[in-house]
Number of protein chains: 2
Amino acid sequence: MNAHAWTRELQVGEGFRLADVDPESKPGFSGGKAEGARALAAGLDDLNELQERLFAESRAGVAKDAVLLVLQAMDSAGKGGIVRHVVGGVDPQGVSLTAFKAPTDEERSHDFLWRIAKRLPEPGFIGVFDRSHYEDVLIGRVRGLAAPEEIEGRYAAINQFEADAAASGIRIVKVMLHISRDEQKERLMERLERPDKHWKYNPGDVDERLLWDEYMAAYQTVFERTSTEVAPWHVVPANAKWYARLAVQELLLAALEDIDPQWPKADFDVAAEKKRLAAS
Amino acid sequence: MNAHAWTRELQVGEGFRLADVDPESKPGFSGGKAEGARALAAGLDDLNELQERLFAESRAGVAKDAVLLVLQAMDSAGKGGIVRHVVGGVDPQGVSLTAFKAPTDEERSHDFLWRIAKRLPEPGFIGVFDRSHYEDVLIGRVRGLAAPEEIEGRYAAINQFEADAAASGIRIVKVMLHISRDEQKERLMERLERPDKHWKYNPGDVDERLLWDEYMAAYQTVFERTSTEVAPWHVVPANAKWYARLAVQELLLAALEDIDPQWPKADFDVAAEKKRLAAS
């Protein structure tokens, strides 16, 4: 198993300023792209073993813990690539993935955390949120989708919600994939240039892009208000996709190693079962 | 793209007899294990492209079709391996996987198809059922969990349910992974011999194994009563895992090619968006 200490550098702490993070940087990792690819492949084996142990605990009914990866980012920052290339590397049986869209009428009629709570991972699972309750204090704030007092109250509600989830055994890994404005322009332009990528483009992406500074300010506030000890934020520079994938994999590995799942002990008499099976 | 005609040989038709299928056989595929592995890797690229097109249609709101893979088998026949190595090869964002367990009290209070209907894949998705409504006419019959008249009525209910699902655009791919009794004994014994596999073993597995012939008879009836034109059964010899995985991948490819998903056309003015983006 690797040591994942270097991911500490990604953690949002006291005095953090998003504006100081260079989206091109690769904090904690000194290798290049090829080395990163090798590290990703090697880490995948560890991830698979840990995930299988965790899942085994759930099947044996002894799992208490789960992992929840929360992914937030501006459009085209690479959430889909993380899901495909990091999460997609483990057994789908042990993954519960939710892509949150604009809330439906029914969801809107409830508290903003109602639909989120329903999708928290069961013990033994790796849950992944592609967007999350943080949309309610990001686009919610930037677009004025709720009154300022309402938005204000949400930070505390989120902290309480996450503290409860953590207390129930969920390791919460919150990640913002951070790309530069120029990098986003390039990626969106590529989508426009390739007919097989048009489906990934939405004119609304440019509307949001025009509010870049407002979004960065909203993220800064999110980090200040909701990066807690039990559910810290990590800002992952994401101009280099390979680095972002490696970093998120490392964060998942660290969470799973913290759980330290064990192969469940047999709750039956192994010798007796061997005899019974041999005779069958 | 490959031609998948050889999977026709796996289809249950008039006069089919399960007892005549050799679980060691590899119908339609003349290569060996190494060739099978190469074919699986090559097919995965096709599967990924087709799946992404299908998913793109769903994102663009123009998807009408979906795929549903129904997996049934005796214990240890390799359902998990299919999920891991075939389904696990495609983007998890486009897959909706359900592992059906013994029904809960709430589920039991409804018709047996109630919980199934809720998990049918949305347009644009590949749904996978690890076990399914067929448990209700397999273990349901072998263990007498419902009255014979009730079981009897279920075949017609299933056919109607599947006909409706097919009419709504779902390509239903029903697969029974067929292993021999001896192969099962070996696989279960391996689970008993390896502490890291104990969690996969359940003493109940041997209880079911002792009813092997009853299960085979129940499967035979299932095939006779529910292999329909819109939702035919396929019996996949599964003593060789590599063959079973390849065959299921081919069946999925055939279903996706039948849908023939296309990259959605842009519903915006590409040139105008390029200008708007460039200026942003």
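Residues numbered from 1 in each chain as written. Chains lettered and ligands numbered in written order. Predicted model: local features only at pLDDT ≥ 70, side-chain atom pairs only at ≥ 80, totals over all residues. Heavy atoms only, no water.

Broken down by element type, chain A carries eleven helices and five strands. Here the C-alpha coordinates of chain A stretch approximately 70 × 45 × 40 Å along the principal axes. Counting the 280 residues in chain A, one finds 54% classified as buried. Pairs at least 24 apart in sequence give 81% of the contacts found in chain A among residues at least 6 apart. Measuring between centres, the 36 positive side-chain charges of chain A sit 4 Å from its 47 negative side-chain charges. (Helix = DSSP H or I, 4+ residues; strand = E, 2+ residues; numbered from the N terminus. Buried < 20%, exposed > 50% of the residue type's maximum accessible area, 1.4 Å probe, protein only. Contact = heavy atoms within 4.5 Å. Lys, Arg positive; Asp, Glu negative; His and termini not counted. Charge placed at Lys NZ, Arg CZ, Asp CG, Glu CD.)

With that settled, consider the relation of the copies chain A and chain B. Mapping one chain copy onto the other needs a rotation about an axis and a shift along that axis. Taken as rigid bodies, chain A and chain B are interconverted by a rotation of 180° and an axial shift of 0.0 Å, the fit giving an RMSD of 0.0 Å. The transformation relating the two chain copies, once decomposed into turn and shift, fits a two-fold axis. Taken together, the interface assignments show that 100% of the residues at the interface of chain A recur at the interface of chain B, consistent with an identical surface on both copies. (Least-squares fit on C-alpha atoms with pLDDT ≥ 70 in both.)

Before going further, it helps to examine the side chain of Arg 209 of chain B. Tracing the sequence through the fold places Arg 209 of chain B in helix 8 (residues 203-209). Excluding residues that lie within four positions of it along the chain, Arg 209 of chain B makes contacts with Leu 277 and Ser 280 of chain A together with Arg 181, Gln 184, Lys 185 and Leu 188 of chain B.

Time to look at the pattern of salt bridges. All chains considered together, the criterion is met by 36 salt bridges over all chains. Close ionic contact of Arg 17 of chain A with Asp 20 of chain A constitutes a salt bridge, the shortest N to O distance being 3.6 Å. You can call Arg 17 of chain A partly exposed: its relative accessible area is 48%. Arg 194 of chain B serves as the salt-bridge partner of Glu 190 of chain B, at 3.2 Å between the closest nitrogen and oxygen. The exposure class assigned to Arg 194 of chain B is partly exposed, which follows from its relative accessible area of 33%. (Salt bridge = Lys/Arg side-chain N within 4 Å of Asp/Glu carboxyl O.)

Looking now at the sheet that holds strand 5 (residues 233-237) of chain B. Residues and elements named next belong to chain B. Reading across from one edge, 2-3-1-4-5 is the order of the five strands in this open sheet, with parallel pairing throughout. Of all the strands in the sheet, the pair left with one neighbour each is strand 2 (95-99) and strand 5. Here the strands of the sheet are splayed against their neighbours by 20° on average, with no regard to which way each runs. Bridge count between strand 2 and strand 3 (residues 126-130): five bridges; the pairing is parallel. Considered in strand 3, the bridge of Ser 96 is made with Gly 127. Most of the contacts of helix 9 (residues 212-226) go to strand 4 (residues 170-178), to which it runs at about 155°, and overall it touches strand 1 (66-73), strand 4 and strand 5. Packing of helix 10 (residues 241-259) onto the sheet brings it into contact with strand 1, strand 3, strand 4 and strand 5, and relative to strand 4 it is tilted by some 170°. (Pairing = 2+ DSSP bridges. Axes fitted to C-alpha atoms, helices over the stretch in contact; angles between N-to-C directions.)

The next subject is the UniProt feature "domain: Polyphosphate kinase-2-related" (unreviewed entry) in chain A. As recorded in UniProt, the feature "domain: Polyphosphate kinase-2-related" (unreviewed entry) lies at residues 47-260 of chain A. With 50% helix and 15% strand, residues 47-260 of chain A has end C-alpha atoms that lie 12 Å from one another. (UniProt positions renumbered as here; feature names shortened; annotations may be inferred.)

This next bit is on the packing of helix 1 (residues 33-59) of chain B against helix 10 of chain B. Residues and elements named next belong to chain B. At a closest axis distance of 9 Å, the pairing of helix 1 and helix 10 adopts a crossing angle of 30°. It follows from the interaxial angle that helix 1 and helix 10 lie roughly parallel. Between helix 1 and helix 10 lies a crossing of left-handed hand. Of the residues in helix 10, those in contact with Lys 33, Gly 36, Ala 39, Leu 40, Gly 43, Leu 44, Asp 46, Leu 47, Leu 50, Gln 51 and Leu 54 of helix 1 are Trp 242, Arg 245, Leu 246, Gln 249, Leu 252, Leu 253, Leu 256, Glu 257 and Ile 259. Broken down by class, the residue content of the contact of helix 1 with helix 10 amounts to twelve nonpolar, four polar and four charged. (Parallel < 35°, antiparallel > 145°, perpendicular 65-115°, else oblique. Left-handed = near helix turned anticlockwise from the far one by under 90°. Nonpolar A, V, L, I, M, F, W, Y, C, P; charged D, E, K, R; others polar.)

The next point concerns the sheet that holds strand 5 (residues 233-237) of chain A. Residue and element names in this part refer to chain A. Read across the open sheet, the five strands follow the order 2-3-1-4-5; overall the sheet is parallel. Both edges of this open sheet fall to strand 2 (95-99) and strand 5, since each of them pairs with a single strand only. Pairs of neighbouring strands in the sheet enclose a mean axial angle of 20°, with direction left out of account. Across the face of the sheet, helix 9 (residues 212-226) comes into contact with strand 1 (66-73), strand 4 (170-178) and strand 5 while running at roughly 155° to strand 4.

Residue and element names in this part refer to chain A. Residue placement: Thr 98 occurs in strand 2. Side-chain polar atoms of Thr 98 contact the side chain of Arg 119, separated by 2.8 Å. Excluding residues within four positions of it along the chain, Thr 98 makes contact with Arg 119, Val 128, Phe 129 and Asp 130. (Polar contact = N/O pair within 3.5 Å; in protein donor to acceptor, adjacent residues only side chain to side chain.)

So, on to the interface of chain A and chain B. With 45 residues of chain A at the interface, the matching set in chain B holds 45 residues. Across the chain A/chain B interface, buried area totals approximately 4,200 Å², and carbon plus sulfur atoms make up 64% of it. For the chain A face of the interface with chain B, the top three residues by lost area are Arg 84, Trp 199 and Leu 277 of chain A, together amounting to 18%. Viewed at the interface, chain B and chain A are joined by two salt bridges. Residue Arg 276 of chain B pairs with Asp 207 of chain A through a salt bridge whose shortest N-O separation is 2.8 Å. Here chain A and chain B share 16 residue pairs in polar contact (both at pLDDT 80 or more) between them. Counting only elements with at least two residues in the side of chain A that touches chain B, the list comes to helix 1 (33-59), helix 2 (79-85), helix 7 (181-193), helix 8 (203-209) and helix 11 (270-278) of chain A. (Buried area = accessible area lost by both parts, 1.4 Å probe.)

Let us now look at the packing of aromatic side chains. By the definition in use, this model includes 24 aromatic pairs over all chains. Summarising the aromatic geometry, the rings of Tyr 134 of chain A and Trp 233 of chain A are spaced 4.7 Å apart at their centres and angled 70° between planes, so their arrangement reads as edge-to-face. Taken together, the residues Tyr 134 of chain A in the loop between strand 3 (126-130) and helix 5 (139-142) and Trp 233 of chain A in strand 5 connect sequence positions 99 residues apart. Aromatic rings pair up to connect Phe 16, Tyr 134, Tyr 219, Phe 223 and Trp 233 of chain A into one cluster. Above the face of the Phe 112 of chain A ring, Arg 154 of chain A is positioned so that its terminal group lies 5.0 Å from the ring centre. The ring of Trp 114 of chain B carries Lys 118 of chain B above its face, with NZ or CZ at 4.0 Å from the centroid. (Phe/Tyr/Trp six-rings, centres within 6.5 Å; stacked < 30°, edge-to-face > 60°. Lys NZ or Arg CZ within 6 Å of the ring centre and 35° of its normal.)

Attention now goes to the environment of Gly 31 of chain A. Within the secondary structure layout, Gly 31 of chain A lies in the segment before helix 1. Taking C-alpha positions, Gly 31 of chain A is 9.7 Å from Tyr 243 of chain A, a pair spaced 212 residues apart along the chain.

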